[in-house]
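# Tertiary structure, described
Residue-level listing of the chains:
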Amino acid sequence: MGIPVVTITLAPIEVPVHADRRLAFQVITAFGAGAKDSGESSKVLERDGDRVLVEFHSPVKGLLGRTKVYKTIEWVTPHEPDRVDFEHVNGPLEVMHDRFLLEEVEGGCMTLRYESEFAVRWWWPGWVIGMVYVRPTLRKMMSKHLMDMKETIEERARRSHLFPACAHTTDGVRTTN
């Protein structure tokens, strides 16, 4: 009998992106493209058909403002051009299922939507830790990550002849409850 786990769902996070979703898909699935100044990086470990096993290093600002870089290993399944699924294999959480949805909107633009469900150990004490610390920390980290991806995608769109930037003018991060 294992340690009980409790599952917690993160409310979706959405970011409007002024770019074609095919370009966004290329950027999101460019694993191993190099480390960023923030310490964020990814490395392809294995390919298995349509899936890719990827090691991610993700800096997370935690308690007292300290930054810790977490290492996770995840199976990533791209579904071009509208979805990328992430299945947790190893890392600080017991279970994690993430998804990026790339939704086309007016004028050739798109909305990048992040959905996540994770599990923590220790039943109700784990639930408290998950709700009070893990969920808000993950929401903050992923909101920043989506804004960083938005900037990268839109910068590439400004330079692209194949996937130019669109004309839509909405900015910012939206969360749904």
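Residues numbered from 1 in each chain as written. Predicted model: local features only at pLDDT ≥ 70, side-chain atom pairs only at ≥ 80, totals over all residues. Heavy atoms only, no water.

## Focus: the overall build of the protein chain
- Looking only at helices and strands, the protein chain has two helices and eight strands in total.
- The C-alpha atoms of the protein chain give 17 Å as radius of gyration, which agrees with the globular expectation for 177 residues (16 Å, within 12%).
- Along the three orthogonal principal directions, the C-alpha set of the protein chain runs to about 55 × 35 × 30 Å.
- Within the protein chain, the fraction of its 177 residues that count as buried is 40%.
- Considering only residue pairs separated by 6 or more positions, the protein chain has 55% of its internal contacts joining residues 24 or more positions apart.
- As displayed, the protein chain has an accessible area near 10,300 Å², and 53% of this comes from carbon and sulfur atoms.
- The positive charge centre, built from 23 side chains, and the negative charge centre, built from 25, are 6 Å apart in the protein chain. (Helix = DSSP H or I, 4+ residues; strand = E, 2+ residues; numbered from the N terminus. Rg over C-alpha atoms; globule rule 2.2 N^0.38 Å. Buried < 20%, exposed > 50% of the residue type's maximum accessible area, 1.4 Å probe, protein only. Contact = heavy atoms within 4.5 Å. Areas by Shrake-Rupley, 256 points an atom, 1.4 Å probe, with all protein chains shown as cover. Lys, Arg positive; Asp, Glu negative; His and termini not counted. Charge placed at Lys NZ, Arg CZ, Asp CG, Glu CD.)

## Topic: the pairing of strand 2 (residues 41–48)
- As judged from the seven bridges shared by strand 2 and strand 3 (residues 51–61), these two strands associate in the antiparallel manner. Following the sheet pairing, Val44 is matched in strand 3 by Val54.
- Here strand 2 hands over to strand 3 after two residues, with Gly49 in that stretch at a positive phi of 65 degrees. (Pairing = 2+ DSSP bridges.)

## A word on a nonpolar patch on the surface
- Nonpolar side chains collect at one region of the surface, where Trp123, Trp124, Trp127, Val128 and Val132 lie side by side and expose about 600 Å² of accessible area between them.
- With respect to the helices, strands and loops of the structure, Trp124 is situated in helix 2 (residues 123–159).
- Overall, Trp124 belongs to the exposed group, its relative accessible area being 54%. (Patch = residues over 30% accessible without salt bridge, like charges linked within 9 Å, V, L, I, M, F, W, Y side chains within 5 Å. Salt bridge = Lys/Arg side-chain N within 4 Å of Asp/Glu carboxyl O.)

## A closer look at the packing of aromatic side chains
- The full count for this structure, using the stated rule, is four aromatic pairs.
- With centroids separated by 5.9 Å and ring planes inclined at 85 degrees, the aromatic side chains of Phe31 and Phe56 adopt a geometry described as edge-to-face. Residue Phe31 is found in the loop between helix 1 (21–28) and strand 2, and its partner Phe56 is found in strand 3; the two are separated by 25 residues along the sequence.
- Judged by relative accessible area, which is 14%, Phe56 ranks as buried.
- An angle of 85 degrees between the planes, with centres 5.5 Å apart, marks the rings of Phe86 and Phe100 as edge-to-face. Within this pair, whereas Phe86 is found in strand 5 (residues 83–90), its partner Phe100 is found in strand 6 (residues 95–104), the two being separated by 14 residues in sequence.
- Exposure remark for Phe86: the relative accessible area of 8% places this residue in the buried category.
- Taken together, the ring pairs in this structure connect Phe31, Phe56, Phe86, Phe100 and Tyr114 into an aromatic cluster.
- Of note, Arg51 hangs over the ring of Trp75, and the distance from its end group to the ring centre comes to 3.7 Å. (Phe/Tyr/Trp six-rings, centres within 6.5 Å; stacked < 30°, edge-to-face > 60°. Lys NZ or Arg CZ within 6 Å of the ring centre and 35° of its normal.)

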